[in-house]
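Chain by chain, the residues:
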Amino acid sequence: MKPLEWSAVGASVVGVGASAATQQFLYAVAPMAVAIALGSRRRHRQERQIQRLLAQTNTLVVASNSLAARLDQAPQPQPGQQDSLVQALDRLTFLEAETEGLRDRLFQMDDAVEWLQSALEDREQSAQLEELRRHQKSMTESLHQLNRDQVELRQENQKQFEDHLQAINVLLRQSLPTTKTELIYDRQASRAALIEALQRAEDRLILVCPWIAKWGFNDELMHLLRQALQRQVRIDVGWRKLSDLRNACPHSGQRWAVKHPSQALTGKFYASLGQLYQLEREFQPLMSLKLLGTHEKYLVCDRRFALLGSHNFLTSGGQSQERELGIWTDDAQLIQTLIDRYESGRDRFQGGYIHLA
């Protein structure tokens, strides 16, 4: 039986050596490492294969230990047989070291899988961040377009808004019981009202006075008129007494053919009218003169206030001691009445004729 036992032991050792020599164990482990990187399911399957290989290795170790114990009790083998056994044991030790190395590589691959998963999550977050940036850019462009639309809409509706606001102000003034109407006395007070109107006017100024003379229409008044026109204030001037027109006409007809109303200017009471026509030529259509044929004296400053009185405020200044009387008011109804009065007045110079009837 001993020769048979030695043969069995030799065959077992040779089988282990042959398994190690063909490296079937390594070929099984390498695909397993690749499978770990590809997916957890395949990695678990390879782990089970490794466990089976480890179990086989442990079995081989137990068998080799048992074999070593039996060899200690067995007769000494021949020199050639002993060398084969030593080589088989060395190969077995090598396989154990390789198994440990594969375990370390398996742990490294686990870390690599975790890193790849983290990198994929970071990439997804980067994609989400980029998407948010695109949305932010789109919203910013939409906001800029909205601002441009608002500016265009504001420009288009500004005039309409101002008209509505002015109408609302008129209604408010009409509904409020706090209108002010008072008497003003003498030329100094009416002259001050004229200066205030020239300084405060923002939209329209109506001045009606029969005569325009150098005593009232001085450099100060000319300067204030020019400033108002430069502020884009519309200025309407109604002038000339009807009886003066008829007296100046060289015949008794119903109309007087002239190239320009300035041809009908005679006398010291119209000495400054040429300056007004100069402003009219310079600031058309803001400045406008109307030949009314009137003895009225009143002014309207926007829709703020109006002055109606006896003083020829474009004829004389405020230094005279002559007694005058006027009414200052901010009553919206009275202001509108004076505006309508001026608008309804006929311009007697039309078609190259001064109409006297």
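Not measured: the values here are computed from a predicted model.

Our next topic: the pattern of salt bridges. One pass over the structure, following the stated rule, counts eleven salt bridges. Residues Asp302 and Arg304 are paired through a salt bridge, measuring 3.3 Å at the closest nitrogen-oxygen approach. Classification of Asp302 as buried rests on a relative accessible area of 11%. Each of Arg204, Arg234, Asp236 and Glu343 takes part in salt bridges that share partners, so that together they form one network.

For the protein chain, the mean per-residue pLDDT works out to 78, and 74% of the residues sit at or above 70. Throughout residues 1-38 the model reports pLDDT below 50, and contacts reaching past four residues in sequence, or to other chains, amount to 43 contacts.

Axis separation between helix H5 (residues 186-200) and helix H6 (residues 219-230) bottoms out at 9 Å; the angle between their running directions is 30°. Considering the angle they form, H5 stands roughly parallel to H6. Facing H5, whose interface residues are Arg191, Leu194, Ile195, Leu198 and Gln199, H6 presents Glu220, Leu221, Leu224, Leu225 and Ala228.

Here we come to the sheet that holds strand E5 (residues 287-291). Here seven strands make up an open sheet; going across it, the order is E1-E8-E7-E6-E2-E3-E5 and the pairing mixed. The open sheet is flanked by strand E1 (181-185) and E5, the only strands paired with a single partner. Going from strand to strand, the sheet's axes swing by 15° on average, the running direction of each strand aside. Taken together, the five bridges between E1 and strand E8 (residues 325-329) define a ladder with antiparallel strand orientation. If you follow Thr181 over to E8, its bridge partner there is Thr329.

Here we take up the nonpolar core. Counting residues in each nonpolar core, the largest one holds 47 residues, and the members touching the most others are Leu205, Ile235, Leu276 and Met287. Residue contributions to this core peak at six residues, all from H6. Non-local contacts of Leu205, meaning those with residues more than four positions away in its chain, are made with Ala197, Leu198, Val233, Arg234, Ile235, Asp236, Val300 and Cys301. Residues Tyr298, Ala306, Leu338 and Ile339 belong to the second largest nonpolar core, which totals ten residues.

Here we take up the sheet that holds strand E4 (residues 255-257). The strand order across the open sheet built from three strands is E4-E10-E9, with neighbouring strands paired in antiparallel fashion. Each edge of the open sheet carries a strand with a single partner, namely E4 and strand E9 (349-350). Where E4 lies against strand E10 (residues 353-355), three bridges are found, and the strand directions are antiparallel. Each bridged residue has a counterpart across the sheet, and for Trp256 the counterpart in E10 is Ile354.

Helix length check: H6, at twelve residues, gives a terminal C-alpha distance of 17 Å against a target of 16 Å (1.5 Å per residue), a fit within 8%. Every buried residue belonging to H6 is among Leu221, Met222, Leu224, Leu225, Ala228 and Leu229, and all of these are buried. For H6, the buried positions fall inside an angular range of 165° around the axis, keeping them on one side. Those residues of H6 that are exposed and angled more than 90 degrees off the buried face are Asp219 and Gln230. Lining the buried residues of H6 we find H5, strand E2 (204-208), strand E3 (234-239), helix H8 (273-282) and E5. Capping the start of H6 is the job of one residue whose side-chain oxygen sits 3.3 Å from the backbone nitrogen of Glu220: Asn218. Directly after H6, the chain includes Gln232, whose backbone phi takes a positive value near 70°.

Tracing the sequence through the fold places Leu102 in helix H4 (residues 79-175). A residue is classified by how much of its surface remains accessible, and Leu102, at 12% relative accessible area, is buried. In this structure the C-alpha to C-alpha distance between Leu102 and Ile50, which are 52 residues apart in sequence, comes to 9.1 Å.

We now examine the pairing of E5. Most of E5 is tucked away: four of the five residues are buried. The pairing of E3 with E5 spans five bridges and is classified as parallel. The residue of E5 that forms the bridge with Gly238 is Lys290.

Cut-off values and rules
- Residues numbered from 1 in each chain as written.
- Predicted model: local features only at pLDDT ≥ 70, side-chain atom pairs only at ≥ 80, totals over all residues.
- Heavy atoms only, no water.
- Salt bridge = Lys/Arg side-chain N within 4 Å of Asp/Glu carboxyl O.
- Buried < 20%, exposed > 50% of the residue type's maximum accessible area, 1.4 Å probe, protein only.
- pLDDT = per-residue confidence, 0-100.
- Contact = heavy atoms within 4.5 Å.
- Axes fitted to C-alpha atoms, helices over the stretch in contact; angles between N-to-C directions.
- Helix = DSSP H or I, 4+ residues; strand = E, 2+ residues; numbered from the N terminus.
- Parallel < 35°, antiparallel > 145°, perpendicular 65-115°, else oblique.
- Pairing = 2+ DSSP bridges.
- Core = buried A, V, L, I, M, F, W, Y, C linked by side-chain atoms within 4.5 Å.
- Expected span 1.5 Å × (residues − 1).
- Arc of directions from axis to C-beta.
- Polar contact = N/O pair within 3.5 Å; in protein donor to acceptor, adjacent residues only side chain to side chain.

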